[in-house]
Amino acid sequence: MIRETIVTTRHADGRVHIAPLGLIEDGDALVIAPFRPSTTLDNLVSNPHAVANYCTDVLVFAGCLTGRRDWPVHAATRVPGVVLDQALAHDELEVERVDDDPQRPRFRCRVVHSETHAPFQGFNRAQAAVVEAAILVSRLHMLPMEKIEREIEYLKIAVDKTAGPRERQAWEWLMTRVAEHRARPPEPPR
Ligand SMILES: Cc1cc2nc3c(=O)[nH]c(=O)nc-3n(C[C@H](O)[C@H](O)[C@H](O)COP(=O)(O)O)c2cc1C
């Protein structure tokens with residue numbers, strides 16, 4: 001199973017990096033698999049720790065994909081990392097093995113500490129739709145525009161029917177990014 005999370009890491013100079021990433025469950029371990037190039041990947045090489053933040057605030061997912069990465073954090077308990085203030089729960093991770101790969105290395109992580117901060121309050125279809133749209137936005141450069149538009153049209157139904165203000169704002173940020181991409185002139189052939 002893949003859990004869609006917000007992963008926090010630290011740059012070599014201590015600065016915090018926040019990125020949405022799908023963590024792959026592998027027994028008791030969690031695998032972080034960033035595609036190259038990736039700041040998360042570079043950070044895991046220089047500081048082999050991360051925090052998996054379980055977060056239903058989709059503004060963080062949409063924000064990270066649209067240049068808004070400055071979310072409030074506090075110090076983690078066991079690893080030299082940070083926890084997102086909005087996380088309902090988090091796992092603190094230590095890299096125990098790296099399977100290198102030219103395209104997508106895999107960092108197998110041991111969970112060294114876990115905390116719960118707030119109750120899960122149920123599924124919301126607009127939150128799921130925003131997460132799906134955020135994935136589309138992360139792949140704008142790879143996907144045909146017709147596919148993106150077809151999927152957005154479907155996802156919008158859940159947003160229109162079930163969103164609260166944060167989901168609406170997140171959706172708007174992502175749709176602005178899609179509109180900017182649509183307006184961009186096509187890349188010249190190489
Ligand atoms: C829900 C979600 C899951 C994602 N999972 C991955 C992933 O597993 N690997 C990856 O390389 N990018 C993933 N992305 C895209 C990254 O968030 C995005 O490319 C990000 O900038 C990671 O690169 P960075 O480490 O340089 O910040 C995901 C995006 C979303 C919205």
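Residues numbered from 1 in each chain as written. Predicted model: local features only at pLDDT ≥ 70, side-chain atom pairs only at ≥ 80, totals over all residues. Heavy atoms only, no water.

Undergrad: In this structure, what is going on with the site of the ligand? I would like to understand it.
TA: Lining the immediate surroundings of the ligand are 19 residues, of which His-17, Pro-20, Phe-35, Ser-38 and Thr-40 lie closest. Within the contact set of the ligand, an oxygen atom lies 2.7 Å away from a side-chain nitrogen or oxygen of His-17. At 3.1 Å from an oxygen atom of the ligand is found a side-chain nitrogen or oxygen belonging to Arg-69. Against a free-state accessible area of 620 Å², the protein chains account for coverage of 84% of the ligand. Taken together, the elements giving at least two residues each to the shell around the ligand come down to strand S2 (16-26), helix H1 (39-46) and helix H3 (125-138). Examining the composition of the shell around the ligand, we find that five residues originate from one element, S2, more than from any other. (Near = heavy atom within 4 Å. Polar contact = N/O pair within 3.5 Å; in protein donor to acceptor, adjacent residues only side chain to side chain. Areas by Shrake-Rupley, 256 points an atom, 1.4 Å probe, with all protein chains shown as cover. Helix = DSSP H or I, 4+ residues; strand = E, 2+ residues; numbered from the N terminus.)

Undergrad: What should I look at first to understand the sheet that holds strand S1 (residues 2-10) in this one?
TA: In a beta sheet, neighbouring strands are held together by backbone hydrogen bonds and run either parallel or antiparallel to one another. On the basis of which strands lie adjacent, the closed barrel formed by six strands has the order S1-S2-S3-S8-S7-S4 and antiparallel pairing. Taken pair by pair, the neighbouring strands of this sheet meet at an average axis angle of 45°, ignoring direction. In this sheet, S2 lies alongside S1 in antiparallel orientation, the contact comprising nine bridges. In the strand pairing of S2, Thr-5 is matched with Leu-21. (Pairing = 2+ DSSP bridges. Axes fitted to C-alpha atoms, helices over the stretch in contact; angles between N-to-C directions.)

Undergrad: It is not clear to me how the packing of H3 against helix H5 (residues 165-183) should be interpreted in this structure. Could you clarify?
TA: The description of two packed helices rests on the angle between their axes and on the distance between the axes. Axis separation between H3 and H5 bottoms out at 10 Å; the angle between their running directions is 20°. Taken together, the axis directions place H3 and H5 in an arrangement best described as roughly parallel. The interaxial crossing formed by H3 with H5 has left-handed handedness. Within the contact between the two elements, H3 uses Ala-126, Gln-127, Ala-129, Val-130, Ala-133, Ala-134 and Val-137 and H5 uses Glu-167, Ala-170, Trp-171, Leu-174, Met-175, Arg-177 and Val-178. Taken together, the residues that form the contact of H3 with H5 break down as 11 nonpolar, one polar and two charged. (Parallel < 35°, antiparallel > 145°, perpendicular 65-115°, else oblique. Left-handed = near helix turned anticlockwise from the far one by under 90°. Contact = heavy atoms within 4.5 Å. Nonpolar A, V, L, I, M, F, W, Y, C, P; charged D, E, K, R; others polar.)

Undergrad: Looking at this structure, I do not really get the nonpolar core. What am I missing?
TA: In a soluble, globular protein the nonpolar side chains are often hidden away together inside. Trp-71, Leu-84 and Leu-174 are the most contacted members of the largest nonpolar core, which totals 39 residues. Taken together, the elements giving at least two residues each to this core come down to helix H2 (58-65), strand S6 (82-84), H3, helix H4 (145-162) and H5. If you tally residues by element for this core, the top one is H3, at eight residues. Excluding anything up to four places from it in sequence, Trp-71 contacts Ile-18, Leu-59, Val-60, Gly-63, Cys-64, Leu-84, Gln-86 and Trp-173. (Core = buried A, V, L, I, M, F, W, Y, C linked by side-chain atoms within 4.5 Å. Buried < 20%, exposed > 50% of the residue type's maximum accessible area, 1.4 Å probe, protein only.)

All we've got here are geometric facts, nothing functional implied.
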